[in-house]
Amino acid sequence: MTSYWCELAWLGGDETVAGVSIGVDGDRIAALEVGVPEAPPGAERLAGLTLPALANAHSHAFHRALRGRTHAGQGTFWDWREPMYALAGRLDPERYHRLARAVYAEMAVAGIGVVGEFHYVHHQPDGTPYEDPNAMGSALAAAATDAGIRLTLLDALYLHGGLGEAGDTWTYRPVSAGQVRFSDGSADKWVDRVSSLHASVGTETGRVGAAIHSARAVDPEAMEVARDWSSDAEAPLHVHVSEQEAENTTIGFAFDCTPVELLHRHGVLGPRVTVIHATHAEEPDIELLAGSGAGCCLCPTTERDLADGIGPSAALAAAGVPISVGSDSHAVIDLFEETRAVELDERLASGHRGTHAVPALATMATDTGYAALGWADGGRIEVGALADLTTVRLDSVRLAGTDRANVLDSVIFAATAADVAHVMVGGEWVVRDGRHRTVDAAAELGAAIEELCSP
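Residues numbered from 1 in each chain as written. Predicted model: local features only at pLDDT ≥ 70, side-chain atom pairs only at ≥ 80, totals over all residues. Heavy atoms only, no water.

Quick look at the sheet that holds strand E4 (residues 44-52)
Ordered in space as E3-E2-E1-E4-E15-E16-E17-E18, the 8 strands form an open sheet in which the pairing is mixed. Either end of the sheet is taken by a strand with one partner, and the two such strands are strand E3 (28-34) and strand E18 (435-436). Sheet analysis places strand E2 (residues 16-25) next to E3, joined by 6 bridges and oriented antiparallel. Looking at E3, one finds that aspartate 25 is bridged to arginine 28. The strands that helix H14 (residues 407-414) touches are strand E1 (2-10), E2, E4 and strand E15 (389-392); relative to E4, the one it contacts most, it runs at about 65°. (Pairing = 2+ DSSP bridges. Helix = DSSP H or I, 4+ residues; strand = E, 2+ residues; numbered from the N terminus. Contact = heavy atoms within 4.5 Å. Axes fitted to C-alpha atoms, helices over the stretch in contact; angles between N-to-C directions.)

Right, here's the structure in full:
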């Protein structure tokens, strides 16, 4: 057993404790003692505040290459999709592996121990499957292994290019040229492919879940297929929901309900389900989520960047819907920013401060995210939990002078990814003193993005 002594550690709830001794055996926390005044002989000293490793519950890794290239223009989400599709069209398994390896290393350096990759770039640009139909998913799994973080690969069912009017009815449209590589052609073909991926990826640090891209890209009958696969595989199921008002309007015209109600009608909602964004969810939607045990992942930096709106975090929390956070399009990769934005955006929307207590915010970034991604034994510092830890230094210009009695408040509201000192995943150090142990994330990001974005 290897021993560590934490100057300060957050143990969940209101417990931020000085002098915490942690024993790690294999990939688990095997011993825990609080109130230890000095580092015991042989224990490694961790200065600063040690937290469970952070959980990034929603990622599209290839969007990282759009950073700084799509943020300054005018328009809406629907305009932003065009350069996103163009970038997706330039990916292949080798390029995607190089980019994702660097993106996941950037996440590790930012304190993230697990990522949920919402994966929909499946096939060749013309829609033809690769010789290995899961070449793109396997590239992502290998990238996460290289970067040393846990991965839940949420393989997305994506069949349609939206809904449109056809006389007096609304029907699903075919996928566009930019979307054709996302589609398997049918839900049954998706099942065949994702089942093969599920059988090949399961490791100590990697697993496969399912995703329904959205109600505009997956018809209700196909949703039921994804629901059944997730249930049979006992795997997480994530869904983009009500990200834009136009989505609610279209689904309302086509089905006379909201996207959340449509999921409910077809038995999709449940404890394994996490809806993403829910920016324009209404009160009955939130009641349905709460009643089913489903969670919600908020991605504030992306929701701001795309002018989607502010999610109903107060109503979600009041109803008991578990909230996690994600960096989504990676406008920045900083879970501290995502987490405090849940509270700060709610202040702007409501005119009131303190809707979400600091421990609740910290839980969103750790325990709830791990659970949403199918790692229910992670995201906490307790005996038997996964030995996934992040230590934040307190001597940076942002955190210097921190009141040790309120240290978690300072970290949640003032820390950035740059303040992460060390990251452990499964009992192994991935990041030490702010540097990834095996990947030069900045250099590899630069090379991979230049290759993808050069004319």
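Regarding the pairing of strand E11 (residues 237-241)
A large share of E11 lies buried, amounting to 5 of its 5 residues. Relative to E11, strand E10 (residues 206-212) runs parallel, the two sharing 3 bridges. Paired with alanine 210 across the two strands is leucine 237, which belongs to E11. Relative to strand E12 (residues 273-277), E11 runs parallel, the two being bridged by 5 bridges. Pairing of valine 241 across the sheet is with histidine 277, part of E12. (Buried < 20%, exposed > 50% of the residue type's maximum accessible area, 1.4 Å probe, protein only.)

Focus: the side chain of histidine 123
Position of histidine 123 relative to the elements: it lies in the loop between strand E6 (112-119) and helix H3 (135-147). Overall, the relative accessible area of 3% leaves histidine 123 in the buried class. Among the polar contacts listed, one links the side chain of histidine 123 to the side chain of aspartate 184, at a separation of 2.8 Å. Beyond its immediate sequence surroundings of up to four residues, histidine 123 is in contact with Thr128, Pro129, Tyr130, Pro133, Arg181, Ser183, Asp184 and Arg193. (Polar contact = N/O pair within 3.5 Å; in protein donor to acceptor, adjacent residues only side chain to side chain.)

As for the environment of leucine 49
Within the secondary structure, leucine 49 sits in strand E4. What makes leucine 49 buried here is its relative accessible area of 0%. Residues leucine 49 and threonine 391, spaced 342 residues apart in sequence, show a C-alpha to C-alpha distance of 5.5 Å. Once residues within four sequence positions are removed from consideration, leucine 49 is found in contact with Leu8, Ala9, Trp10, Thr16, Thr390, Thr391, Val392, Leu394, Val407, Leu408 and Val411.

A word on the sheet that holds strand E5 (residues 54-59)
Read from one edge to the other, the open sheet built from 8 strands follows the order E5-E6-E7-E10-E11-E12-E13-E14, with strand pairing classed as parallel. The sheet terminates laterally at E5 and strand E14 (323-325), the two strands that pair on one side only. Strand-to-strand, the axes of this sheet are offset by a mean angle of 25°, without reference to chain direction.

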